[in-house]
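Residue-level structural notes
For reference, the chains in residue letters:
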Amino acid sequence: MLNKEQIKEIIPQREPFLMIDEVEEYIPGEKTVAYKNVDKEEWYFQGHFPGNPIMPGVLITESLAQAGAVAILSLEENKGKNALFGGIDKLKFKKMVVPGDRLKLEVNIIKKKGPIGVGEGIATVDGKLAAKGEFTFAVVEKEVK
């Protein structure tokens with residue numbers, strides 16, 4: 001189990017854009033099982049939507065991508081690098097995610113060739129499918145300016 005501080009040692013995202021709270025399991029280069037505790041105080045609920053808070057689909061997608069980044073960036077050769085979106089495919093949203101939900105994020109890396117790969121992500125709440133799709137990523141050096 002990895003906590004937020006340990007997750008930050010692997011991926012570069014930080015609050016308020018760090019979208020995973022803990023990692024239950026990961027195998028470098030292969031898979032990650034992580035969780036996002038959806039709190040009513042999340043910054044995005046102020047505008048999405050007042051009186052009817054729903055986690056934006058793009059942030060569910062980002063949560064899955066960050067979980068996948070734990071698997072990819074924990075590989076020894078990728079430590080200190082960044083994983084960027086290259087594409088999103090077959091993404092479907094099946095359930096609204098609301099405050100109080102515990103979003104389970106499961107990502108399996110299904111293809112890798114050099115710095116490019118594809119992960120399949122499944123997000124669930126209480127065993128019910130919230131979102132599922134494939135994400136193409138590219139591992140790149142961090143730019144320092």
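Everything in this summary refers to the structure shown in the same document. (Residues numbered from 1 in each chain as written. Predicted model: local features only at pLDDT ≥ 70, side-chain atom pairs only at ≥ 80, totals over all residues. Heavy atoms only, no water.)

Across its 17 residues, helix α2 (residues 57–73) extends 24 Å between first and last C-alpha, which sits within 8% of the 24 Å expected from 1.5 Å per residue. In terms of burial, α2 is a largely internal element, 14 of the 17 residues being buried. (Helix = DSSP H or I, 4+ residues; strand = E, 2+ residues; numbered from the N terminus. Expected span 1.5 Å × (residues − 1). Buried < 20%, exposed > 50% of the residue type's maximum accessible area, 1.4 Å probe, protein only.)

Further remarks concern the environment of Thr 61. The topology assignment puts Thr 61 in helix α2. Here Thr 61 falls in the buried class, since its relative accessible area comes to 6%. Considered as a pair, Thr 61 and Phe 49 are 12 residues apart in the sequence and their alpha carbons are 18 Å apart. Residue contacts for Thr 61: discarding those within four places in its chain leaves Phe 85, Ile 88, Leu 91, Phe 93 and Phe 135. (Contact = heavy atoms within 4.5 Å.)

This part takes up the packing of aromatic side chains. With the rule as written, the count across this model stands at 3 aromatic pairs. Note on Tyr 44 and Phe 45: the rings are 4.7 Å apart at their centroids and 65 degrees apart in plane angle, and the pair reads as edge-to-face. When its relative accessible area of 7% is taken as the criterion, Phe 45 is described as buried. Here Phe 85 and Phe 135 contribute two aromatic rings whose centre-to-centre distance is 6.2 Å and whose plane-to-plane angle is 45 degrees, an arrangement assigned as tilted. Of this pair, Phe 85 sits in strand β3 (residues 82–93) while Phe 135 sits in strand β6 (residues 128–140), and the two are 50 residues apart along the sequence. Among the aromatic residues, ring-to-ring pairing joins Trp 43, Tyr 44 and Phe 45 into one connected group. The residue whose ring lies beneath Arg 102 is Tyr 35, and the NZ or CZ to ring-centre distance is 4.0 Å. (Phe/Tyr/Trp six-rings, centres within 6.5 Å; stacked < 30°, edge-to-face > 60°. Lys NZ or Arg CZ within 6 Å of the ring centre and 35° of its normal.)

What follows concerns the side chain of Gln 66. Within the fold, Gln 66 resides in helix α2. A distance of 2.7 Å separates the side chain of Gln 66 from the backbone nitrogen of Met 19, its partner in a polar contact. The residues touching Gln 66, leaving out its near neighbours within four places in the chain, are Ile 11, Gln 13, Phe 17, Leu 18, Met 19 and Ile 20. (Polar contact = N/O pair within 3.5 Å; in protein donor to acceptor, adjacent residues only side chain to side chain.)

A word on the nonpolar core. Side chains of a nonpolar character, in soluble globular proteins, are inclined to be buried together. Of all hydrophobic cores here, the largest spans 34 residues; its most connected members are Ile 11, Ile 20, Met 55 and Leu 103. When contributions to this core are tallied by element, the ones reaching two or more residues are α2, β4 (102–113), β5 (116–125) and β6. When residues of this core are assigned to their parent elements, the largest contribution, 9 residues, is made by α2. (Core = buried A, V, L, I, M, F, W, Y, C linked by side-chain atoms within 4.5 Å.)

What follows covers the sheet that holds strand β2 (residues 31–37). With antiparallel pairing, 6 strands are arranged side by side in an open sheet as β1-β2-β4-β5-β6-β3. Only two strands of the sheet have a single partner each, and these edge strands are β1 (22–27) and β3. Averaged over all pairs of adjacent strands, the angle between strand axes in this sheet comes to 20 degrees, irrespective of strand direction. In this fold α2 packs onto β1, β2, β3, β4, β5 and β6, with an angle of close to 55 degrees to the strand it touches most, β4. (Pairing = 2+ DSSP bridges. Axes fitted to C-alpha atoms, helices over the stretch in contact; angles between N-to-C directions.)

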